Amino acid sequence: GPRSMAERRLRALIVDDEPPARTWVRRQLEGDPDVEIVGEAEDGFAAVSAIEEHEPDLVLLDVQMPGLDGFGVLEMLAGRKLPAIVFITAFDRYAVRAFEVNAIDYLMKPFSRDRFAGTLSKVKAQLEKSAAGAQRLVTHLRQDGRRPEWLLVRAGDRSRFLKLRDVDFVEAAKNSVLLHAGADSYSFRTTMKAMEEALDPGRFLRIHRSTIVNLERVKELEPWFNGEYRVILKDGRILTLSANYRSELARFKSLPDAGEA
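The rules behind these values
- Residues numbered from 1 in each chain as written.
- Predicted model: local features only at pLDDT ≥ 70, side-chain atom pairs only at ≥ 80, totals over all residues.
- Heavy atoms only, no water.
- Salt bridge = Lys/Arg side-chain N within 4 Å of Asp/Glu carboxyl O.
- Helix = DSSP H or I, 4+ residues; strand = E, 2+ residues; numbered from the N terminus.
- Buried < 20%, exposed > 50% of the residue type's maximum accessible area, 1.4 Å probe, protein only.
- Core = buried A, V, L, I, M, F, W, Y, C linked by side-chain atoms within 4.5 Å.
- Contact = heavy atoms within 4.5 Å.
- Pairing = 2+ DSSP bridges.
- Axes fitted to C-alpha atoms, helices over the stretch in contact; angles between N-to-C directions.

**Q** Account for the pattern of salt bridges, with residues named and values stated.
**A** Enumeration according to the criterion identifies 16 salt bridges in this entry. A salt bridge links aspartate 34 to lysine 124; the nearest nitrogen and oxygen atoms lie 3.1 Å apart. In this pair, aspartate 34 is assigned in the loop between helix 1 (19-30) and strand 2 (35-41) and lysine 124 in helix 5 (residues 113-143), connecting sequence segments 90 residues apart. In this structure aspartate 34 comes out as partly exposed when scored by relative accessible area, which is 37%. The closest approach of N and O atoms between glutamate 216 and arginine 203, which form a salt bridge, is 3.0 Å.

**Q** How would you sum up the nonpolar core? Please name residues and give values.
**A** Core analysis: the largest hydrophobic core is formed by 25 residues, its most contacted members being Leu13, Val15, Val48, Val59, Leu61, Val73 and Phe87. Going through the elements one at a time, strand 1 (10-15), strand 2, helix 2 (44-54), strand 3 (58-62), helix 3 (70-76) and strand 4 (84-89) are the ones with two or more residues in this core. Of all the elements, helix 2 adds the most residues to this core, at five residues.

**Q** Tell me about the environment of leucine 60, and please be specific about residues and values.
**A** Within the secondary structure layout, leucine 60 lies in strand 3. Separated by 20 residues in sequence, leucine 60 and glutamate 40 place their C-alpha atoms 9.5 Å apart. Those residues within four positions of leucine 60 in sequence are excluded, and the remaining contacts are Ala12, Leu13, Ile14, Val15, Val25, Leu29, Val86, Ile88, Leu107 and Phe116.

**Q** Give a detailed account of the sheet that holds strand 14 (residues 229-233), specifying residues and quantitative values.
**A** Whenever strands of a sheet pair, they do so through backbone hydrogen bonds, lying parallel or antiparallel. Pairing in this open sheet of three strands is antiparallel, and the strands run 13-14-15 from one edge to the other. Two strands in the sheet have a free side with no partner beyond their single neighbour: strand 13 (218-223) and strand 15 (238-241). On average, each strand axis in the sheet is inclined to that of its neighbour by 25 degrees, with strand direction left out of account. Pairing analysis gives five bridges linking strand 13 to strand 14, with the strands arranged antiparallel. Across the sheet, residue glutamate 222 finds its bridge partner in strand 14, namely arginine 230.

Have a look at this one:
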């Protein structure tokens, strides 16, 4: 089973774009012998990288950050084992209510030392439960129509952030998928099914067991043999729409040259 808190310290990561807020949170945490601060991040992208690198138990996560907000960070981590999340927010309560059930707690800025201490004891008591809550939160964001805009992908031996709208098509690989963007392709550890669920259905279409295409990249469709179609991209690459996915063709109707298909 999971290691109990008594056996090791709670690994915490602080994410906030305001240095004074990070300093304040750090001070509160440093006073607790059960907590080890493994890092700080000042924006959402740095947060995702730090979560990958340090695998913290707890992330104190600012909701409103430029570039990639707190919810965006969670979306990018969907499908992995998530840490417990405490939101730090200047939002009014109504905006937070939807997340109360799923985040372990939230701290309204400015928050007091006592309030913070209360949150921390809640975290310690609920750590296992809260990671499941973070997963529910991601599901909740999806149901609200939020989709990830970025993925952290592997390019050789380094990681980089890829904007999903830059992906031309997704191809199944052994234990992962390949995301093709222009001349480059990037590996991402997930399943085609999870990928399909994460992508915006208004933009991406599953055309084959092993292919999902960005509709904006499609130039035309050509009927082919055995009920299949050739899907010709604007850059000249050719993909196959298999007969099993023909029911999806209706969604091609909105494409410029595919009206006849």
